[in-house]
Amino acid sequence: MSVDHVVQSHSFQQAVPLDQIRYNDQGLVPAIVQDYLDGAVLMMAWMNQESLQKTLETGETWFWSRSRQELWHKGATSGHLQKVQSVRYDCDSDALLITVEQFGDVACHTGERSCFHQVDGGIVPPPADMLSQVYQVVRDRQQHPNPDSYTCKLLAGGDNKILKKIGEEAAEVVMACKDDDPEAIAGEVADLLYHTLVALAHHNVDVRAVYRKLQERRR
C-alpha cells in the first residue's frame, strides 16, 4: 500500500521509514518530483539514503548526482528551490513521489518549468490537471486571437459578455441540480468552469492562484 506523508514542517522527517525504502544496487532510488498544485511532473532525479534524509530534515529536495558522485541541493545556485509538501513511496517501496512548491516555477536547468517539455522536437508545457490545461488554451487564444474562436469572441466582449455567460451558466447548474440529472449537472458545471477560466484570463489571474486559495483553506 502506498503511504502519503504530508509535510507540515521539518517535523515530518521520521514519517518515511528509511530502512524500508528499496534502493538499487548503486544504493539509489528514483524520485519523481510533481507540482503540488496542478500535478505537473517537474523532473526525475536519483536519491540515496543520505539525500532522502536531508530532504526530510530540511523540507527542501536534495538528490544524488551520478555524474559528479555527490549530493546536490536543488535550487541552491539558481534559487529555484523546491519546498516539499509530501513524500510518497510506491507499493514496492522502490520509487518515490515527491510533491513540491517550485520556487520561480522553473525546475529544469534549461529554464523550462518541467524537464519533460519536449514533444517531437518542440517545447510544450507539461501536462497538468484538466482545468490548468484548459486555462492554458484560453491564455493561448488571448495571446493569438482567432476571429473564429468562441473563446476569442468572449475575450473581445470583455466583462459584459463574459460575466453575462457566467450568470447564465450558474443558473443552468442550479436547474440541472434541481432536476437531479447527473449528466446535465456535469455538463453545466463544465460550462461554468470554462467561462470562469475565461474570466480569470481576462483579468490576468492565474488559475494556480485559485488553487493556492483552496490549498490555504484546506489547511
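Let me sum up the structure you'll find in this document. None of these values were measured; they are calculated from a predicted model.

About the thresholds
- Along each chain, numbering runs from 1 in the same order as the chain's sequence is written.
- At least 70 in pLDDT is required for a residue's local features to be given in this predicted model, at least 80 for side-chain atom pairs to be given and counted, and no such filter applies to totals for whole chains, interfaces and linings, which use all residues.
- For the side-chain quantities, the full set of heavy atoms in the structure was used; hydrogens and water were omitted.
- Relative accessibility thresholds used throughout: buried, under 20% of the residue-type maximum; exposed, over 50%; partly exposed, between the two (1.4 Å probe, protein chains only).
- We count a stretch as a helix when DSSP gives it H or I for four or more residues in a row; a strand needs E for two or more, and each element gets its number in order from the N terminus.
- Note on pairing: DSSP must find at least two bridges between two strands before they are called paired.
- What counts as a disulfide here is a pair of cysteine sulfur atoms lying within 2.5 Å.
- Here a polar contact is taken to be a pair of N or O atoms separated by no more than 3.5 Å, where protein atoms must pair a possible hydrogen donor with a possible acceptor and residues adjacent in sequence count only if both atoms sit in side chains.
- Contacts: residue pairs with any heavy atoms within 4.5 Å of one another.

### Comments concerning the pairing of strand β4 (residues 62-65)
Stage number 1. Burial along β4 is two-sided: Trp62 and Trp64 facing one way and Phe63 and Ser65 facing the other are all buried.
Stage number 2. Relative to strand β5 (residues 70-73), β4 runs antiparallel, the two sharing four bridges. Counterpart to Trp64 in the pairing with β5 is Leu71.
Stage number 3. Connecting β4 to the next strand, β5, in antiparallel fashion are four residues, including Gln69 with a positive phi near 55°.

### Notes on the state of the cysteines
Stage number 1. Counted according to the given criterion, the structure contains zero disulfides.
Stage number 2. Distance from the sulfur of Cys108, which forms no disulfide, to the nearest cysteine sulfur (Cys115) is 3.9 Å.
Stage number 3. Overall, the relative accessible area of 6% leaves Cys108 in the buried class.

### Let's talk about the side chain of Ser86
Stage number 1. Residue placement: Ser86 occurs in strand β6 (residues 82-89).
Stage number 2. At a separation of 3.0 Å, a polar atom in the side chain of Ser86 contacts the side chain of Arg88.
Stage number 3. Among the polar contacts listed, one links the side chain of Ser86 to the side chain of Thr99, at a separation of 2.5 Å.

### Focus on the environment of Val205
Stage number 1. Among the structural elements, Val205 can be located in the loop between α4 (182-202) and α5 (207-218).
Stage number 2. On the basis of relative accessible area, Val205 is assigned to the partly exposed category, the value being 31%.
Stage number 3. Each C-alpha atom, one on Val205 and one on Val84, is 25 Å from the other, the two residues being 121 residues apart in sequence.
Stage number 4. Not counting the four nearest positions on each side in its chain, Val205 is found in contact with Tyr135, Arg139 and Leu200.

By themselves, these observations are geometric and do not establish any function.
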